[in-house]
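This is what each chain is made of:
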Amino acid sequence: MNNQLLYQHGTLGALVPGLFQGTLAVAELLKHGDTGIGTLTGLDGELVIIDGVVYQVRASGQVTVIENGQVPFANVHFAAFKPAGDVSGAAAAVQQQMLAALGTHNLFAAVQVRGTFAHMTTRAVKAQQRPYPGLAATAADQAVFSRDQVAGTLLGYWSPQLYAGMASPGFHLHFLAADHQFGGHVLDYTVAAGTLATQVFSDIQLHLPTTDPEFLNADLDGDLLGDITKAEH
């Protein structure tokens, strides 16, 4: 078990033209980490992986545990978080505290905040069907959820600008409520009282779908980063 390694299957850039078909089994993904985030075939909801359990937050708002399925994109690692103190405040302020705790902008890292959130806004993309639209189009076909005074776990990754396209530069965060009744891709939040933990990686493994004809033959030129930014935020 290598807790210095971040494992990523697929790239966000490949989702831009609509390569939404899953190309790695969830069971295989979990061989490379017990903690992480991702999505399923057709961008069917948002995944939050904690302690080796995969939670799917669907556009209906339902949260379910899944054991099967395929991912077109996911990040996982074996958790070895280090305590980094208490945090509170709006998202921008908390993310500055996260970066200060990481001590660098130039390494991949995982962040986790457990506590009570004064406000949390998330989204889950509705399952897309073939022929898949582009990533930007799916952003208009999403469900947005909000909760106040919700306890749970904010989990995700910091990706350096240097590697834009492989991942979304900056923080990519998902949320799972403590009661497992709410979650998704994080759009905005305010921490009432939380505990931050971080994990910096010395290595990243990018696993690509080398046997998938759609990926091999896709035209991935164009403003991939611009479309990623629009879809993520």
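Conventions used here
Residues numbered from 1 in each chain as written. Predicted model: local features only at pLDDT ≥ 70, side-chain atom pairs only at ≥ 80, totals over all residues. Heavy atoms only, no water. Helix = DSSP H or I, 4+ residues; strand = E, 2+ residues; numbered from the N terminus. 1 Å grid on protein atoms, 1.4 Å probe; cavity = no way out; pocket = protein on both sides within 12 Å on 5 of 7 lines; lining within 4 Å. Points joined across faces, edges and corners; volume = space filled by probe spheres on them. Nonpolar A, V, L, I, M, F, W, Y, C, P; charged D, E, K, R; others polar. Buried < 20%, exposed > 50% of the residue type's maximum accessible area, 1.4 Å probe, protein only. Polar contact = N/O pair within 3.5 Å; in protein donor to acceptor, adjacent residues only side chain to side chain. Contact = heavy atoms within 4.5 Å.

Got a sec to walk through the environment of Ala110? Specific residues and values, please.
Following the sequence through the fold, Ala110 ends up in strand S10 (residues 109-125). Along the chain, Ala110 and Asp203 lie 93 residues apart, while their C-alpha atoms are 13 Å from each other.

Describe the layout of surface pockets, with residues and values.
A probe matching the size of a water molecule, rolled over the atoms, marks out where space remains unfilled. Roughly 150 Å³ of internal volume is contained in the second largest pocket. What lines the second largest pocket is simply Asn3, Gln4, Ala80, Lys82, Pro83, Ala84, Thr198, Gln199 and Val200. Of all elements in the fold, only strand S9 (82-90) and strand S13 (183-200) reach the threshold of two or more residues within the lining of the second largest pocket. Its residues placed into classes, the lining of the second largest pocket shows four nonpolar, four polar and one charged.

Quick rundown of unusual backbone geometry? Include the residues and the values.
Here the amide bond leading from Arg130 into Pro131 is cis, since omega sits at -5 degrees, within 30 degrees of zero. Within the secondary structure layout, Pro131 lies in the loop between S10 and helix H4 (135-139). Positive phi values are uncommon outside glycine, yet Leu43 reaches one of about 55 degrees. Note that Leu43 resides in the loop between strand S3 (35-39) and strand S4 (46-50). In this structure Leu43 comes out as buried when scored by relative accessible area, which is 4%. Positioned with a positive phi, Gln149 is a non-glycine residue whose angle comes to about 50 degrees.

Can you lay out empty space enclosed by the protein for me, pointing to particular residues and giving the numbers?
Applying the stated rule across the entire model yields three cavities of 30 Å³ or more. The wall of the second largest cavity is formed by 13 residues, among which Ala14, Leu19, Thr23, Pro72 and Pro209 lie closest to the centre. Sorting the residues of the lining of the second largest cavity by element identifies helix H1 (12-15) and helix H5 (213-217) as the ones contributing at least two each. Residues of the lining of the second largest cavity, tallied by class, amount to seven nonpolar, four polar and two charged.

Give a description of the side chain of His9 that names residues and reports values.
Tracing the backbone through its elements, the reader meets His9 in strand S1 (residues 5-9). You can call His9 buried: its relative accessible area is 0%. A polar atom in the side chain of His9 sits 2.6 Å from the side chain of Thr23. Apart from the residues within four sequence positions on either side, His9 is in contact with Thr23, Leu24, Val71, Pro72, Phe73, Ala74, His207, Leu208 and Pro209.

None of the figures reported here should be taken as evidence of function without further support.
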